[in-house]
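Inside the fold
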Amino acid sequence: MTLLTEMMHRPLDPGYAAEADRRVAAGLTPTPSGRTWRTTVYLLLIGVLVASAGMALRQPKAAVTAEKSALVAQIERRQTEADRTQAQMATWEAEMTRVREQVLAGQAEQGLTDRLRQAELGAAATPVTGPGLAVTVDDARTNTEASADGNPRTSEQDPGRVQSSDLQLVVNGLWEAGAEAVDVNGHRLTSTSAVRFAGEAILVDYRPLTRPYVIHAIGDPQQLRTRFQATEGGRWLDALGREVGIRHDVATQERLVLQGDSGVRLRHATPVPASAIPAAIAKPATSTTTSAKPASTKPASTTTSTKPASTTPSTTEANP
């Protein structure tokens, strides 16, 4: 208590108090006059430095802005080049198809063109048209809290987000229900396609997908719908909708058009004899015929993962 009383009544150290009294007795101010203006200058300098640092952090430097603009321009330029190259490839492929059909029409073996078309159909290399189902899957509107009571995503940090394993189960369920052809957001699935994830993105054959995820399946609409709801994929979608709010819709379609997979490439061919090439197209004998025999017009399941709780697909990766 003595120390507290001393601090309350004599807050200034006795030595400083004696010096102040001496300055007052000499007719000076208790404190040196220069200290006040120096303190003011120091405070102003500190304020300027702090303000400058804040402005530097908030406003990107000119070099950073220029670099970002250069990267954006480069991305746009590369995208334009890729689009132009893809259009040129489509033109060449159409020309190759026309020439190939002309060559095959002159072959002695009958039905070679039909066999080739069946092989392309089985490999999902050509477009197909027909009725079927459109299954739309989307993230939950709001993230829900994970619960241990019947929640199929108890261990997930973001249970309301659609994952690659969910799409795997849906695709496998459609194949199991009797689908003849399937695509995801316009990407045709083949027997070597893979639905996987990279970070938070979902990929189909290395091509990223954007939500909502729309899966088209060609087949008898009513049978597909009934059989799909009884598969593991259909039951899994219902469970996700009830437990974590993931939205989905299954609708029948009278006419669907599924494009061929542009990644399918001819890997084995037999040269056509020069004598069999019509004179109208008697250029270097580059036309070839495939030797693949389609085992089935329906591609095999795109994934082999059967455990809903697993988010890591165990797919067979196709060689690019």
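Residues numbered from 1 in each chain as written. Predicted model: local features only at pLDDT ≥ 70, side-chain atom pairs only at ≥ 80, totals over all residues. Heavy atoms only, no water.

1. Notes on the nonpolar core
Counting 30 residues, the largest nonpolar core has Val135, Leu167, Leu174, Val182 and Ile215 as its most contacted members. Elements with a contribution of two residues or more to this core: strand S1 (128-138), helix H6 (164-176), strand S2 (181-184), strand S5 (201-204), strand S7 (213-218), helix H7 (221-230) and helix H8 (232-243). With six residues, the top contributor of residues to this core is H6. Not counting chain neighbours up to four residues away, the residues in contact with Ile215 comprise Leu133, Ala134, Val135, Val137, Leu167, Val170, Val171, Leu174, Val182, Asp183 and Val184. Counting five residues, the second largest nonpolar core, distinct from the first, contains Ala181, Ile218, Leu256 and Leu258. (Core = buried A, V, L, I, M, F, W, Y, C linked by side-chain atoms within 4.5 Å. Buried < 20%, exposed > 50% of the residue type's maximum accessible area, 1.4 Å probe, protein only. Helix = DSSP H or I, 4+ residues; strand = E, 2+ residues; numbered from the N terminus. Contact = heavy atoms within 4.5 Å.)

2. Things to note about the sheet that holds strand S4 (residues 195-198)
The antiparallel open sheet is built from three strands, whose spatial order is S4-S5-S6. The two strands at the open ends of the sheet, each matched to only one other strand, are S4 and strand S6 (207-208). In this sheet, S6 lies alongside S5 in antiparallel orientation, the contact comprising two bridges. Residue pairing for S6: Val204 is matched across the bridge by Arg207. (Pairing = 2+ DSSP bridges.)

3. Concerning the side chain of Asp183
Mapping Asp183 onto the fold places it in strand S2. Salt bridges are absent for the buried Asp183, whose nearest opposite-charge side chain, Arg188, sits at 6.9 Å. Excluding its chain neighbours within four sequence positions, the residues that come into contact with Asp183 are Arg188, Leu189, Val214, Ile215, His216 and Leu258. (Lys, Arg positive; Asp, Glu negative; His and termini not counted. Salt bridge = Lys/Arg side-chain N within 4 Å of Asp/Glu carboxyl O.)

4. Comments concerning the side chain of Thr231
Secondary-structure assignment places Thr231 in the loop between H7 and H8. Discounting chain neighbours no more than four positions away, the residues touching Thr231 are Gly173 and Glu176.

5. Observations concerning the sheet that holds S2
An order of S3-S2-S7-S1-S8 is seen for the five strands of this open sheet, with the pairing classed as antiparallel. In the strand order of this sheet, the two ends are held by strand S3 (187-188) and strand S8 (247-258), each with one partner. H7 contacts S1, S7 and S8 of the sheet and is inclined by roughly 150° relative to S8. (Axes fitted to C-alpha atoms, helices over the stretch in contact; angles between N-to-C directions.)

6. Some remarks on the pattern of salt bridges
Applying the stated rule across the entire model yields six salt bridges. Residue Glu19 pairs with Arg22 through a salt bridge whose shortest N-O separation is 2.4 Å. Taken together, the residues span about one helical turn, with Glu19 and Arg22 both in helix H2 (residues 14-25) at a distance of three residues. By sharing partners, the salt bridges in this structure join Asp138, Asp139, Arg211 and Arg247 into a single network.

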